[in-house]
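# Observations on chain architecture
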Amino acid sequence: MITATDRGAICGKFTKAGLRKYGVFLGKTSFPNDIALRAMVASANIHAFKFDKCVEPILCYSKRHFYRCYLVVREGSRYIKEAMKNLGFVKYNEKTDERDVYNYPNGFGPIWIGKLYNKNFLENINNDFIKNKILKEEDFLFYYDISYICKIYKLQMKKKKYLIEKLKDLGYKASETHLCNTGIKTNADLEIILDILKS
């Protein structure tokens with residue numbers, strides 16, 4: 001288990017502090033809590049690689065003043081190669097909220113681009129937070145902050161539940177996220193979200 005309480009450093013608010021403490025280059029995004037957890041897992045893996053090991057996240061979450069990740073240490077070339085595939089970089093456009101992920105240095109990173117939860121394992125744990133929040137949350141890369149999107153595109157704010165239902169009607173997966181009160185996680189592109197918000 002690893003915990004971070006210096007939220008400003010790990011979520012991209014203070015770039016130099018993040019680089020010094022965690023070895024990752026971060027900046028401001030509309031999904032700071034998401035990128036913070038992914039930076040923590042990436043940083044843990046970078047340290048583990050030095051000892052021919054790697055880590056796999058079982059549960060990563062944000063609560064009040066801290067971030068916490070429960071990790072399993074793996075040993076062996078197969079696990080290490082898989083972990084390395086799950087390290088990437090994100091190029092973010094603050095003006096449009098567009099984000100693109102790369103497997104080579106381009107933008108912020110390195111960050112973990114794999115799953116943050118092992119839901120098969122978590123299903124056996126009797127915990128209200130896990131049952132009511134984590135297990136109901138889609139484990140996609142980065143959430144969309146609807147409030148931020150409406151602000152930069154000058155759109156009227158719509159309820160999360162309405163947006164989630166519309167996305168599901170279109171065949172996409174979508175859910176609320178514990179990482180942001182006005183955020184959703186979905187496999188739909190930003191353009192799809194904008195079309196719903198404009199309708």
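What counts and what doesn't
- Residues numbered from 1 in each chain as written.
- Predicted model: local features only at pLDDT ≥ 70, side-chain atom pairs only at ≥ 80, totals over all residues.
- Heavy atoms only, no water.
- Core = buried A, V, L, I, M, F, W, Y, C linked by side-chain atoms within 4.5 Å.
- Buried < 20%, exposed > 50% of the residue type's maximum accessible area, 1.4 Å probe, protein only.
- Contact = heavy atoms within 4.5 Å.
- Pairing = 2+ DSSP bridges.
- Helix = DSSP H or I, 4+ residues; strand = E, 2+ residues; numbered from the N terminus.
- Axes fitted to C-alpha atoms, helices over the stretch in contact; angles between N-to-C directions.
- Phe/Tyr/Trp six-rings, centres within 6.5 Å; stacked < 30°, edge-to-face > 60°.
- Lys NZ or Arg CZ within 6 Å of the ring centre and 35° of its normal.
- Arc of directions from axis to C-beta.
- pLDDT = per-residue confidence, 0-100.

## Structural notes on the nonpolar core
Residues Ile10 and Leu37 are the most contacted members of the largest nonpolar core, which totals 47 residues. Residues contacting Ile10, with those up to four places away along its chain left out, are Ala4, Tyr22, Leu26, Ile35, Ala36, Ala39, Met40 and Tyr67.

## With respect to the sheet that holds strand β8 (residues 174-176)
If you trace the three strands from one edge of the open sheet to the other, you get β7-β9-β8, paired in antiparallel fashion. Either end of the sheet is taken by a strand with one partner, and the two such strands are β7 (144-145) and β8. Here two bridges tie β7 to strand β9 (residues 183-186), and the two strands are oriented antiparallel to one another. The residue bridging Asp145 from the neighbouring strand is Gly183, located in β9. Running over the sheet, helix α8 (residues 160-169) touches β8 and β9 and is turned about 165° from β8.

## As for the sheet that holds strand β5 (residues 98-102)
Across a sheet, strands are paired by hydrogen bonds formed along the backbone, either parallel or antiparallel in direction. A sheet is described by the order of its strands in space; here three strands give the open sequence β5-β4-β6, paired in antiparallel fashion. Among the strands making up the open sheet, the edge pair consists of β5 and β6 (108-112). Strand-to-strand twist across the sheet, computed as the mean angle between neighbouring axes with direction ignored, equals 35°.

## Here's the deal with the environment of Ile130
For Ile130, the location among the structural elements is in helix α6 (residues 128-134). A relative accessible area of 5% places Ile130 in the buried class. In the structure, Ile130 is positioned 85 residues away from Asn45 in sequence and 24 Å away in space, judged by C-alpha atoms. Setting aside anything within four residues of it in sequence, one finds Ile130 in contact with Leu59, Leu122, Ile125 and Leu135.

## Remarks on the packing of aromatic side chains
The final tally for this structure, using the stated rule, is six aromatic pairs. For the ring pair Phe31 and Tyr92, a centre distance of 5.4 Å and an interplane angle of 85° mean the geometry is edge-to-face. Of this pair, Phe31 sits in the loop between α2 (15-22) and α3 (32-49) while Tyr92 sits in strand β4 (residues 87-93); the two residues are 61 residues apart in sequence, bridging distant segments of the chain. Looking at Phe31, the relative accessible area reads 0%, which means it is buried. Note on Tyr92: relative accessible area 14%, which makes it buried. Cluster of aromatic residues (ring-pair linked, three or more members): Phe31, Tyr92 and Phe142. Arg38 extends its terminal NZ or CZ atom over the ring of Phe142, reaching a point 5.8 Å from the ring centre. Looking at Arg78, its charged tip hangs above the ring of Tyr79, at a distance of 4.4 Å from the centre.

## Observations regarding α8
Taken residue by residue, α8 has Lys160, Leu163, Ile164 and Leu167 as its buried positions. Looking straight down α8, one finds its buried side chains confined to an arc of 100°; they lie on one side. Residues Lys161, Glu165 and Asp169 are exposed on α8 and point more than 90 degrees away from its buried face. Elements that come into contact with the buried residues of α8 comprise α7 (146-152), β8, β9 and α9 (190-198).

## Some remarks on the confidence of the model for the chain
Overall, the prediction assigns the chain a mean pLDDT of 95, with 100% of residues at 70 or greater. Least confident of the elements in the chain is helix α1 (residues 7-10), whose mean pLDDT is 90; most confident is β7, at 98.

## Quick notes on unusual backbone geometry
Across the junction of Gly109 and Pro110, the peptide omega takes the value -5°, indicating a cis bond. One can find Pro110 in strand β6. Backbone geometry at Asp52 places phi at a positive 55°, although glycine is not the residue there. Counting through the fold element by element, Asp52 comes out in the loop between α3 and β2 (53-63). For Asp52, a relative accessible area of 54% puts it in the exposed group. Look at Asp97: it is not a glycine, yet its phi comes out positive at around 70°. By the element assignment, Asp97 lies in the loop between β4 and β5.

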